[in-house]
Amino acid sequence: MTGAVDNTVNTLDVTMAVVVGGLFTIGFHLMLQRSLMRIVLGFILLGHGTNMLLLVAGGTPGLPPVLEGRPVDPAEPADPLPQAMALTSIIITFGLTAFLMALAYRSWRLSGSDEVRDDVEDRRIDIALQRAGADEVSGPSGAPGGPGPDDGGGPGDEDDDEGGGAPDRRDDDGTAPGDHR
Amino acid sequence: MTTLLITLPVVLPLLCAGVTLLGLPGRVIRVLSTLVLTAVLADAAALLVLTDTRGPQSVHVGGWPAPLGITLVADRLSALLLTVSVLVTLAVLVFAIGQGTAEKRRSAAEVFHPAYLLLVTGVSLAFLTGDLFNLFVAFEILLAASYVLITLDADGDRTRAGMTYTIISLTSSLLFLTLVGLVYAATGTVTLAQLGPRLAELPDGLRGALALLLLAVLGIKAAIVPLHFWLPDSYPTAPAPITAVFAALLTKVAVYALLRTQTLLFPRSSVWTLLACVAIATMLVGILGALAQDDINRLLSFTLVSHIGFMLFGLALFDTTGLTGTVLYIVHHIVVQAALFLAAALTVRHTSTTGLDRMARRSPPRPLVAVLFAVPALSLAGIPPFSGFVAKLTLLRAGAWQGGTAAYALAATALITSLLTLYAMSRVWTRAFMRQDPHPDRSDTPPLKKPAPDTARRPERRTDRYGARLMTTATAVMVLTSVAVAVFAGPLARVGERAAHELLDPRAYRSVVITGEDR
C-alpha cells in the first residue's frame, strides 16, 4: 500500500481476495483443457483476475480520484498508477483475446476440430508405440484406434494431416524420420 | 541530444510501422524499413559510445520524474545488446527481403513489415525501459508482433505450433502482470531503480516469493529447462528468417530482463544455488534433446535452449567475472544463433528438406554455404579462434575462481555441453554437407510439404538469383559479425566487464533515474 500502512482488513479486501483467487483458479483450470475455446475463456478469466489484482494493489478503496480547490496531501486521493496499469492491461488483454479468437477460428477451419493437437514429438512417439504394438500382435490391424489420443489427426504425422490409411504401416517417407526406430 | 538518442530506437520503428500500414508500394516499404533499421543501428552504436564514456543516461518521458512518469534508461549493457540486436534484425530483414517470404503474397508483405518493425520496437523498449510495468508492455509489444509473425500465412501445422506459442506466452505475460501488481502492492513503486532498497525491507518470505515468481515468468520467456517445452515445438515451424530473429532475440531479451531485475531487485552476495541447478539442467536437457533430433531446425532450437544455460551460468555465480561472461555470451549467442539459422535456411533451400537423413541422400549445397554454416557451428561449440571460445573461457574462468561445488558443477557441465554441441554440429555437417551416396537423388522422394514456402522449386529467374544473392550476403554478414566478435574480443570483453561492474554496483544507474527527493 502506498499511503499510511493500515493493517485493518475490511470486507471488500476479503471479497476481492476471494474473487481474484477464484478467477485465477478457474482460469488456470480452463487453460489446462484440450479445447481451444476453453483455453480462450480461461485466458479471459485470468486476464480479469489480473486486472482486479492490479486494482486491489492501489490500496484502500473508496478514496476520491480528484480533489480540487485546496492543497492536497498526496496520500488523500486514490492512487492513479494502478488504475493506469489496469487500463493498459485491459487494452492489451482485449487485443490479444481478439487475436486468440481469430487464431482459434483459423485452427478450427484448417483442422476441423477445436482441440489442441499433440506436438510433433508426441506424435512420433505415438507412431513408434503403435508400430511396436503392431509388431507384437503381428497383425496388420493391430491397434487402429487404441493407444492414440482421439483428436482429429491423432495417428497422422506431420506430413499428412488427415491420417488416412492404416496407421500402423507407413512407408519411410510418410513418417517423421527418426533414428530411434 | 541524449533524449533523441535514447528515444529513437523505440519511436522510429514504431512510427515506421504505422507508415508501412498506409498501403505504399512494396518496394518503398522495403527500402523504408531497411533505412529505418540502419538509422536505429547507427543510433544504438552512438548510444553505446555515449554510455561507455559517460555512464548511464536516462530520459523522463514527457518530463515527469521517475516514480510517476515513464523512464528510459540506457547503460552499457542495454546499449551493447541493443546494438547487436538491431544489427541482427537488419541482417535478417535483408535476408527476408531476399527470400521473398514477405513478398510471396501481397497480403503477407503488408503484414510482415509492420509486425517486424513492431518487434524491433518491443525489443528496443525492453532493453531501454526503466520500470517493471513498461518491461511488461515491451514484452507485450514484441510478443504480439511475434504472434503475428509466427502465424503469418499459416497452414495447419504452423497454426498448431503458433497456438501453443501464443498460449504459453500469454500465460507468462499474465503471470508477469500479476507480479507487477504484487510488487506494487508490496512496495508502492514499479521503478526498477527504487525497487531494490524497498524490496530489501520486505519480510524474507514475501521477497522470496516475488523473486521466484519473477524467475518463473522470465523462465518461461527465456525457455529455461523445466519451462522450455514450447520453444523447440514452435520456433522451427516459422519461415526461416522469422525463426532466426526469434531464436536470436526473444529468449535473449528475457535473459537480459532476468539479468537486469536480479541485479537491481534481488542483489545477492553468494552463488545462487537454485539458478545454478536450473542452468545445469538447461544445458544438459537442451543438448541431449538436440542429439535426438533429425530435423535441422529442431536440432538448432534445442541447442538454443541448451545455450541459454550458459547465460544463466554467469548469473548464478553473481560476481563480476561471471556477469562479464554472461554479457559476452549473450552478445556471441545472438549473432551466432542468427547466423546458424540463416545458414540452415540456405541449406534447406538447396536440399528442399529439413530432415537430416534425407539431406544425406541429396547432393550437398555449395561450399560457400558449408563455410557459412561451419563458422557459426564451430563458434557455438566454442572452438578456439571463434567467438564462443572467448565467452566460454570467461565463464569457465569465473567458475574456477569462484570455486565451490555449484561453480565446479557448472563448469563441468559447460564443458560437457560444449563437447556434445560439437557432436551435434558435426552430425549436421556430415549429413548435410558431405556426399555420402555416390548416386544422389536416386530415391524419387517427393519434396516435403512442410517447408514449402522456403523450398518450392521454382524456375530460376533473374529476380530469384538476385534474391538468392541477397540471402547469401545477409548470412555472410552475420557470419562475419561473429568473426568480428572474436577478433575484437579484447575491447568487447572490457566493455562487458565495465557493464558487469555497473550491474553489480547500480548506484550510478539509480542516481540517473531518481533525481528528486525520493532517492
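Residues numbered from 1 in each chain as written. Chains lettered and ligands numbered in written order. Predicted model: local features only at pLDDT ≥ 70, side-chain atom pairs only at ≥ 80, totals over all residues. Heavy atoms only, no water.

When you go through chain B residue by residue, the secondary structure sums to 21 helices and 2 strands. Compactness check: chain B gives a C-alpha radius of gyration of 22 Å against a globular reference of 24 Å for 519 residues, within 12% of the reference. Expressed as lengths along the three principal axes of its C-alpha atoms, the size of chain B is roughly 75 × 55 × 40 Å. Counting every position in chain B, which comprises 519 residues, the buried fraction comes to 64%. A separation of at least 24 residues holds for 81% of the contacts in chain B among residues at least 6 apart in sequence. As presented, chain B carries roughly 17,500 Å² of accessible surface, and 67% of it is formed by carbon and sulfur atoms. Charge centroids of chain B, computed over 40 positive and 28 negative side chains, lie 7 Å from each other. (Helix = DSSP H or I, 4+ residues; strand = E, 2+ residues; numbered from the N terminus. Rg over C-alpha atoms; globule rule 2.2 N^0.38 Å. Buried < 20%, exposed > 50% of the residue type's maximum accessible area, 1.4 Å probe, protein only. Contact = heavy atoms within 4.5 Å. Areas by Shrake-Rupley, 256 points an atom, 1.4 Å probe, with all protein chains shown as cover. Lys, Arg positive; Asp, Glu negative; His and termini not counted. Charge placed at Lys NZ, Arg CZ, Asp CG, Glu CD.)

So, about the packing of aromatic side chains. All told, the structure shown has 17 aromatic pairs over all chains when counted by the stated rule. Ring geometry for F99 of chain A versus Y147 of chain B: centroids 6.0 Å apart, planes at 25 degrees, classification stacked. Of the two residues, F99 of chain A is situated in helix α3 (residues 80–111) and Y147 of chain B in helix α5 (residues 132–150); the pairing between them involves two chains. Residue class for Y147 of chain B comes out buried when judged on its relative accessible area of 0%. Here F310 of chain B and Y329 of chain B contribute two aromatic rings whose centre-to-centre distance is 5.0 Å and whose plane-to-plane angle is 5 degrees, an arrangement assigned as stacked. Separated by 19 residues along the polypeptide, F310 of chain B in helix α12 (residues 296–317) and Y329 of chain B in helix α13 (residues 320–351) bring together distant segments of the chain. Assessed through its relative accessible area of 1%, F310 of chain B is described here as buried. Positioned over the ring face of W272 of chain B is R268 of chain B, at 4.2 Å from the centre of the ring. (Phe/Tyr/Trp six-rings, centres within 6.5 Å; stacked < 30°, edge-to-face > 60°. Lys NZ or Arg CZ within 6 Å of the ring centre and 35° of its normal.)

It is worth spelling out empty space enclosed by the protein at this point. Residue and element names in this part refer to chain B. By the definition in use, this model includes 10 cavities of 30 Å³ or more. Size it by volume and the second largest cavity reaches roughly 90 Å³. If you list the elements that add at least two residues to the lining of the second largest cavity, you get α5, α6 (156–187) and α8 (204–222). Top element by residues in the lining of the second largest cavity is α6. It accounts for 4 residues. Each residue belonging to the lining of the second largest cavity can be placed in one class, and the counts come to 9 nonpolar, 2 polar and 1 charged. (1 Å grid on protein atoms, 1.4 Å probe; cavity = no way out; pocket = protein on both sides within 12 Å on 5 of 7 lines; lining within 4 Å. Points joined across faces, edges and corners; volume = space filled by probe spheres on them. Nonpolar A, V, L, I, M, F, W, Y, C, P; charged D, E, K, R; others polar.)

This part takes up the packing of helix α11 (residues 273–291) of chain B against helix α17 (residues 404–433) of chain B. Residue and element names in this part refer to chain B. Between α11 and α17, whose axes approach to 9 Å, the crossing angle comes to 15 degrees. The angle between the axes of α11 and α17 places the two elements in the roughly parallel class. Both α11 and α17 take part in a crossing whose hand is left-handed. On the side of α11, the interface is formed by A276, A279, I280, M283, L284, I287, L288, A290 and L291, while α17 contributes A406, A409, L410, T413, A414, T417, L420, T421, Y423, A424 and R427. (Axes fitted to C-alpha atoms, helices over the stretch in contact; angles between N-to-C directions. Parallel < 35°, antiparallel > 145°, perpendicular 65-115°, else oblique. Left-handed = near helix turned anticlockwise from the far one by under 90°.)

Below, the discussion takes up the environment of L396 of chain B. All names here are of chain B. Along the chain, the position of L396 falls in helix α16 (residues 387–402). Along the chain, L396 and A411 lie 15 residues apart, while their C-alpha atoms are 5.6 Å from each other. Dropping the residues within four chain positions of it, L396 is found in contact with F313, A411, A414 and L415.

With that settled, consider the confidence of the model for chain B. Residue and element names in this part refer to chain B. Mean pLDDT over chain B works out to 87, with 92% of the residues at or above the 70 mark. Counting contacts from residues 440–459, a segment whose pLDDT is below 50, to residues more than four positions away or on other chains yields 32 contacts. Across the assembled chains, the prediction reports ipTM 0.83 with pTM 0.86. (pLDDT = per-residue confidence, 0-100.)

Bringing the pairing of strand β2 (residues 71–74) of chain B into the picture now. All names here are of chain B. Going residue by residue along β2, you find T71 and V73 tucked away on one face and L72 and A74 tucked away on the opposite face as well. Pairing of strand β1 (residues 57–60) with β2 involves 4 bridges; the strand directions are antiparallel. Its bridge partner being in β2, S58 is matched across the sheet by V73. (Pairing = 2+ DSSP bridges.)

This paragraph deals with the UniProt feature "transmembrane region" (unreviewed entry) in chain A. Residues and elements named next belong to chain A. Following the UniProt record, the feature "transmembrane region" (unreviewed entry) maps to residues 12–32, 39–63 and 83–105 here. Its end C-alpha atoms 30 Å apart, residues 12–32 is made of 95% helix and 0% strand. With 72% helix and 0% strand, the stretch residues 39–63 has end C-alpha atoms that lie 36 Å from each other. (UniProt positions renumbered as here; feature names shortened; annotations may be inferred.)

Taken together, V9, V14 and V18 of chain A make up a surface patch of nonpolar side chains, about 280 Å² in accessible area. Considering the arrangement of structural elements, one finds V18 of chain A in helix α1 (residues 11–31). (Patch = residues over 30% accessible without salt bridge, like charges linked within 9 Å, V, L, I, M, F, W, Y side chains within 5 Å. Salt bridge = Lys/Arg side-chain N within 4 Å of Asp/Glu carboxyl O.)

Once that is clear, we can look at unusual backbone geometry. Residues and elements named next belong to chain B. Even without being glycine, A223 reaches a positive phi, approximately 60 degrees. With respect to the helices and strands, the residue A223 is situated in the loop between α8 and α9 (230–234). Residues other than glycine seldom take positive phi values, yet S352 does so here, at roughly 55 degrees. Counting through the fold element by element, S352 comes out in the loop between α13 and α14 (356–361). With relative accessibility at 4%, the residue S352 sits in the buried group.

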